[in-house]
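Single-letter residue listing:
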Amino acid sequence: MRVAGRLTAKRVFGKLIFARLRDESGDLQVSFEKGVTESPVADLEGVKFAKKYLDLGDIIGVEGEVYRTQKGEVTVRVHRFQFLAKGLRNLPEKWHGLRDKELRYRHRYLDLVSRPEALETFRKMSEILQWIRRFFLERGFLEMPTPVLQPVYGGAFAKPFTTYSHALDTTLYLRISDELYLKRLLVGGYERVFEFSRDFRNEGIDRLHYPEFTILEAYAAYWDYHDMMRLIEDLFHDAVVAFQGSETLEYQGRTLNFQRPFRRMDFVEALAERLGFDPLQAPDSQLKQAAEQHGVDPRHPRHRLLDKLFDRLVGDHLQDPTFVLDHPLVLSPLAKRHREKPGRVERFELFVAGMELVNAFSELNDPLDQRRRFEEQLALRKAGDQEIPLEIDEDFLMALELGMPPAGGIGIGLERLLMLLLNEASIRDVLLFPQLRPRLEE
RNA sequence: GGGCCGUUAGCUCAGUAGGUAGAGCACCGGAUUUUUAAUCCGGGGGUCGCAGGUUCGAUUCCUGCACGGCCCA
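Read on for a plain summary of the structure. (Residues numbered from 1 in each chain as written. Chains lettered and ligands numbered in written order. Predicted model: local features only at pLDDT ≥ 70, side-chain atom pairs only at ≥ 80, totals over all residues. Heavy atoms only, no water.)

Here we look at the packing of helix 4 (residues 116-138) against helix 12 (residues 414-422)
It is at 11 Å that the axes of helix 4 and helix 12 come closest, and there the two elements cross at 120°. Of the possible angle classes, the one that applies to helix 4 and helix 12 is oblique. Two packed elements cross with a definite hand, and for helix 4 against helix 12 that hand is right-handed. Residues T121, K124, M125, I128, L129 and I132 of helix 4 pack against L414, L417, L418, L421 and L422 of helix 12. Class assignment for the residues of the contact of helix 4 with helix 12 results in 9 nonpolar, 1 polar and 1 charged. (Axes fitted to C-alpha atoms, helices over the stretch in contact; angles between N-to-C directions. Helix = DSSP H or I, 4+ residues; strand = E, 2+ residues; numbered from the N terminus. Parallel < 35°, antiparallel > 145°, perpendicular 65-115°, else oblique. Left-handed = near helix turned anticlockwise from the far one by under 90°. Contact = heavy atoms within 4.5 Å. Nonpolar A, V, L, I, M, F, W, Y, C, P; charged D, E, K, R; others polar.)

Encoded structure:
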């Protein structure tokens, strides 16, 4: 048989060598024997050549016969071999692998080469991505790529990365969201669309945040947020079953239960319960006082305080998957007004393990209301909220004016979902090549 | 932005109550025909993150900086 791989172990016994060859499928032992293994060169016997010139890290191809050693291990007795690539650098330590997180992040290839667990984690990541893609395709969603470079950024609260097109002689932004483009597709006539949207937000990095990340957005015409909740329940439940083999998931030492239905909780009621007063009726002074009391910066504008207080008092503590429902209108300029609760929208967020995993609405499709809400947002921006986009996307409003069917929409924090399914504590552990500060010597 | 911790050989880590450093793996040389982190003998390899300060002398003590990790904002 013929096989190729990287040499990851080499044990020399005089006229016999055992070596381990690793390829993507795993490890295979090969042996070089005097009188059997041909030398690639004329002036040095085969085993002597292998002893002298084969190093750990080299990639070689071998040809030989399969047998079992005295200890019973399946092994290829090498008749002929050749170098396919010479490794000029030492492999990390064979027993501990690469422990230094900085080196793992900066040189992921070293991490992958030296730790089979890392190779397995990212292989599984790829399978999860395909599984999710299939989940949407099977339900009639079309995958639609939309622009990463946008003339007006919108669809979320965030500071953008700004760039410039020489060809178009105009400023462009790396998208912070693809929401307003997928909605244009609903206007155009597609009823179910989705995109793995690589988004860019020029903000801090921590366990849960990274400037370049992925939101899986999906929109379905004639659905509302209740329909979307059922879809999300199915997605999370089925993903956990598919990749864990049960309805529970071990995450960072906790057992999370994904049995349906997930718990549901009203945003305002839950927050009121923890605060001891109604946050929507309360004067600013009372909210600021509560913020101070709970370690939230009270200088945030009122609408941000609501959001931050909720995360601090409620969201951070939600372990098993929980839908938080019906947010205050001011926090959600793209969501439809609630059909019963005044001052609220039809929206949900899914929290798991204290993380916000999903954000979803019954989408606002009233162009007049949308314009009014954008203008209110603009006023908040001018009052100092830097995370609100500076400009109104007039082209998007024009699309709405043409008529967008009522729709349900979701955004899933993809890396966070991967963190859950791969049991990783930090977003950087599910990113292949996370960016770090440049080192001076490099 | 703040707090704590870390940075010593290619990797994993010791260490020096201040006198310029060690181990294992890896690498080089030797022995070895059944190993599984093989073993045995020998060898080479370090601006001890960077810059100042204290000191006769700093990798070690102090300060600042850089990079990273964890936690907080």
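Describing the protein's contact with RNA strand B
Around RNA strand B lies a shell of 36 residues, among which K71, K94, E102, R312 and R437 are the nearest. Put simply, 60% of the atoms of RNA strand B that lie within 4 Å of the protein are in sugar or phosphate. T69 has a polar side-chain atom sitting 2.9 Å from a base oxygen of RNA strand B. R428 is positioned with one of its side-chain polar atoms (N or O) 3.1 Å from a phosphate oxygen of RNA strand B. Counting residues per element, the ones that place at least two in the surface near RNA strand B are strand 1 (2-13), strand 2 (16-23) and helix 2 (101-106). Examining the composition of the surface near RNA strand B, we find that 5 residues originate from one element, helix 2, more than from any other. Looking at the surface near RNA strand B residue by residue, the classes come out as 12 nonpolar, 8 polar and 16 charged. (Near = heavy atom within 4 Å. Polar contact = N/O pair within 3.5 Å; in protein donor to acceptor, adjacent residues only side chain to side chain.)

Observations concerning the packing of aromatic side chains
This model, assessed by the stated rule, comprises 19 aromatic pairs. Taking the centre distance of 5.0 Å and the plane angle of 50° together, the rings of F49 and Y53 count as tilted. Placement of the pair is F49 and Y53 together in helix 1 (residues 46-53), with a separation of 4 residues, close to one helical turn. In this structure F49 comes out as buried when scored by relative accessible area, which is 8%. Ring pairing ties together the aromatic residues W131, F135, F136, F141, F194, F196, W223 and F243, which thus form one cluster. Sitting above the plane of the Y67 ring, R77 keeps its charged end 3.8 Å from the centroid. (Phe/Tyr/Trp six-rings, centres within 6.5 Å; stacked < 30°, edge-to-face > 60°. Buried < 20%, exposed > 50% of the residue type's maximum accessible area, 1.4 Å probe, protein only. Lys NZ or Arg CZ within 6 Å of the ring centre and 35° of its normal.)

As for the environment of G26
Relative to the helices and strands, G26 is located in strand 3 (residues 26-33). Considered as a pair, G26 and R437 are 411 residues apart in the sequence and their alpha carbons are 34 Å apart.

Section: the pattern of salt bridges
Enumeration according to the criterion identifies 44 salt bridges in this entry. Between K183 and E363 there is a salt bridge; the shortest N-O distance is 2.6 Å. Of this pair, K183 sits in helix 5 (residues 179-188) while E363 is found in the loop between strand 17 (355-362) and helix 10 (367-382), placing the two residues 180 residues apart along the sequence. Of the two residues, K183 and E363, neither departs from the other in class, the shared state being buried. One salt bridge connects K341 with D326, and the closest N-O pair in it is separated by 2.6 Å. With K341 in the loop between strand 15 (322-325) and strand 16 (347-352) and D326 in the loop between strand 15 and strand 16, this residue pair connects regions lying 15 residues apart in the sequence. Its relative accessible area of 2% is what places D326 among the buried residues. Each of R104, R108, D111, R115 and E117 takes part in a single network of salt bridges with overlapping partners. (Salt bridge = Lys/Arg side-chain N within 4 Å of Asp/Glu carboxyl O.)

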